[in-house]
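Remarks on the overall topology
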Amino acid sequence: MKSALITGITGQDGAYLARMLLGKGYRVHGLLRRSASSDAIGERLRWLGIEADVVMLDADLMDLSSILRAVEMSRPDEVYNLAAQSFVKTSWTQPLLTGQVTGMGAANMLEAVRIAAPRARFYQASSSEMYGKIQAPVQDERTPFYPRSPYAAAKAFAHWMTVNYRESFGLHASSGILFNHESPLRGIEFVTRKITDAVARIRLGLADHVVLGNLDARRDWGHAADYVEAMWLMLQQEHADDYVVATGRSTSVREFCRLAFAHAGLDWERHVRVDAAHLRPAEVDVLHGDASKARRALRWAPRITLEEMVAEMVEADLERLGGKGKRRVA
Ligand code: NDP
Ligand code: GDP
């Protein structure tokens, strides 16, 4: 039986990845960092019905001794480094913590793997945010990075450390440059979940409007359930490499609003307000990925459309809030 270690297993991607690997017969281990609210931490694993099927190991990415112990205990064939301070806006108010967790945390994981499991295959969760102030209208693996936030700068460090450990120590270390991906398990602070949660609240009479920032921003939004398959496929290749994972369709926040409100029979323009307080010190205006390499080399393709994902997210939020949504987890 293969063994996998997932950092960030309590997050959106970690939960979907754990479910996928369990389905493939892996023994799945995940890092669990200590929290005073530990009862709330396993919420996503509970939503997918797998919380009893994974082995949790007490560790924090900033504590090398704890992750070395976790690597030794799990004896992994595959390590997926998904843990991060992952919210761009918070990275301006907590830049040093973001650097420690999102940047140095990846270096800690690479060191732990180099020392304790050098034959394990390693996946780094890189991000399209690294493209930031975009240097090409459509971004692929050859497009230069121009990070526009402390988060993106930390991710760029982690990305290059992954490349460096592959080239310096021969680790089978791959980096997935994933464009935004969402789901009913997306953190509520991200714009898509913020919108679908608001749609459900307004539909159920619990709220009247939602306040957003830049409606013109465009993102290439895919579904997390599709994207974790690409992560796994990268680690099944003979040679480690870097891959862009994207849908190839870029949509504005405004259009996302229209789709989500329309799914609940609402007119978005009556319920969305804009407040400059939600603007960012530096914005990533548009992201639009080209995943040709992943399509060709990994035979990966996204299955779930934006419209299907928006419907699933709105329905899930209706159900969470006690409405009559029909739950369908992709
Ligand atoms: P989430 O924010 O949902 O999950 C982050 C995870 O990291 C949580 O499990 C969190 O644990 C854990 N974590 C945070 N700090 C630490 C720490 N110090 N030690 C150990 N664990 C920690 O992120 P996603 O699932 O959305 O994303 C997964 C990864 O992919 C992240 O690295 C993200 O930056 C990256 N990424 C995501 C994209 C997206 O669109 N979703 C796009 C591109 C990259 P806890 O539950 O305790 O907070
Ligand atoms: P990001 O791409 O990782 O930063 O993902 P987010 O979902 O946080 O933001 C996507 C885009 O939506 C960014 O360009 C934000 O500026 C824009 N946006 C507009 N209004 C909001 C809002 O109220 N919350 C968030 N999180 N983003 C918003």
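Residues numbered from 1 in each chain as written. Chains lettered and ligands numbered in written order. Predicted model: local features only at pLDDT ≥ 70, side-chain atom pairs only at ≥ 80, totals over all residues. Heavy atoms only, no water.

Put simply, the test is: UniProt positions are given in the numbering used here, feature names are shortened, and annotations may be inferred rather than shown by experiment.
Labelled according to an unreviewed UniProt entry, the protein appears under the name GDP-mannose 4,6-dehydratase, originating from Sabulicella glaciei. UniProt annotates the protein under Catalytic activity (unreviewed entry) with the comment "GDP-alpha-D-mannose = GDP-4-dehydro-alpha-D-rhamnose + H2O". Looking at the protein in UniProt, the text filed under Sequence similarities (unreviewed entry) is "Belongs to the NAD(P)-dependent epimerase/dehydratase family. GDP-mannose 4,6-dehydratase subfamily."

So, the overall build of the protein
Defined as follows: Helix and strand assignments come from DSSP, with helices taken as H or I runs of at least 4 residues and strands as E runs of at least 2, each series counted from the N terminus. In this analysis, two residues are considered to be in contact whenever any of their non-hydrogen atoms come within 4.5 Å of each other. In these tables, accessible area is a Shrake-Rupley quantity obtained with a 1.4 Å probe, and a residue counts as shielded only by the protein chains included in the view. When charges are counted, Lys and Arg contribute as positive and Asp and Glu as negative, whereas His and the chain ends are disregarded. Lys charges are placed at NZ, Arg charges at CZ, Asp charges at CG and Glu charges at CD.
On a plain count of helices and strands, the protein comes out with 12 helices and 13 strands. Counting only C-alpha atoms and orienting by the principal axes, one finds that the protein spans roughly 55 × 45 × 40 Å. A separation threshold of at least 6 residues defines the contact pool for the protein, and within that pool the share at least 24 residues apart is 80%. Summing over all exposed atoms, the protein offers an accessible surface of approximately 14,500 Å²; the carbon and sulfur share of this is 49%. For the protein, the centre of its 42 positive side-chain charges and the centre of its 40 negative side-chain charges are spaced 1 Å apart.

As for the site of ligand 2
Our working definition: Being near a molecule or strand, for a residue, means having at least one of its heavy atoms within 4 Å of it. Nitrogen and oxygen atoms within 3.5 Å of one another constitute a polar contact, given that in protein one can donate a hydrogen and the other can accept it, and given that sequence-neighbouring residues count only through two side-chain atoms. For this classification, the nonpolar set comprises Ala, Val, Leu, Ile, Met, Phe, Trp, Tyr, Cys and Pro, the charged set comprises Asp, Glu, Lys and Arg, and every other residue, Gly included, is treated as polar.
In the vicinity of ligand 2 lie 18 residues, with E129, K194, R219, R280 and E283 positioned nearest. Note that an oxygen atom of ligand 2 is positioned 2.8 Å from one of the side-chain N or O atoms of E129. E189 is positioned such that a nitrogen or oxygen atom in its backbone is 2.9 Å from a nitrogen atom of ligand 2. Protein chains bury 96% of the 530 Å² of accessible surface belonging to ligand 2 in isolation. Class assignment of the residues belonging to the shell around ligand 2 gives a composition of eight nonpolar, four polar and six charged.

Quick notes on the UniProt feature "domain: NAD(P)-binding" (unreviewed entry) in the protein
Per the UniProt record, "domain: NAD(P)-binding" (unreviewed entry) is annotated on residues 5-313. Helix makes up 42% of residues 5-313 and strand 16%. Its end C-alpha atoms lie 28 Å apart.

Quick notes on the packing of aromatic side chains
Stated precisely, the cut-off is as follows: Think of it this way: a Phe, Tyr or Trp ring, Trp meaning its six-membered ring, pairs with another when their centres are within 6.5 Å, and the plane angle makes it stacked under 30 degrees, edge-to-face over 60, tilted otherwise. Burial status follows relative accessibility: with a 1.4 Å probe on protein chains alone, a residue under 20% of its type maximum counts as buried, one over 50% as exposed, and anything between as partly exposed. Our definition puts a charge over a ring when NZ of Lys or CZ of Arg is within 6 Å of the ring centre and also within 35 degrees of the ring normal.
For the coordinates displayed, the defined rule picks out eight aromatic pairs. Plain terms: the ring middles of Y80 and Y123 are 6.1 Å apart, the flat faces sit at 40 degrees to each other, and that makes the pair tilted. Pair noted here: Y80 is in strand 4 (residues 78-81) and Y123 is in strand 5 (residues 121-127), with a separation of 43 residues, a long-range link. The same class applies to Y80 and to Y123, which are both buried. Ring centres of Y131 and F145 lie 5.4 Å apart, and the angle between their planes is 55 degrees; this geometry places the pair in the tilted category. Within this pair, whereas Y131 is found in the loop between strand 5 and helix 7 (150-169), its partner F145 is found in the loop between strand 5 and helix 7, the two being separated by 14 residues in sequence. A relative accessible area of 22% means that F145 is categorised as partly exposed. Members of the aromatic cluster, each reached through a chain of ring pairs, are Y131, F145, W160 and F179. One residue, R186, lies across the ring of F190, its end atom 3.6 Å from the ring centre.

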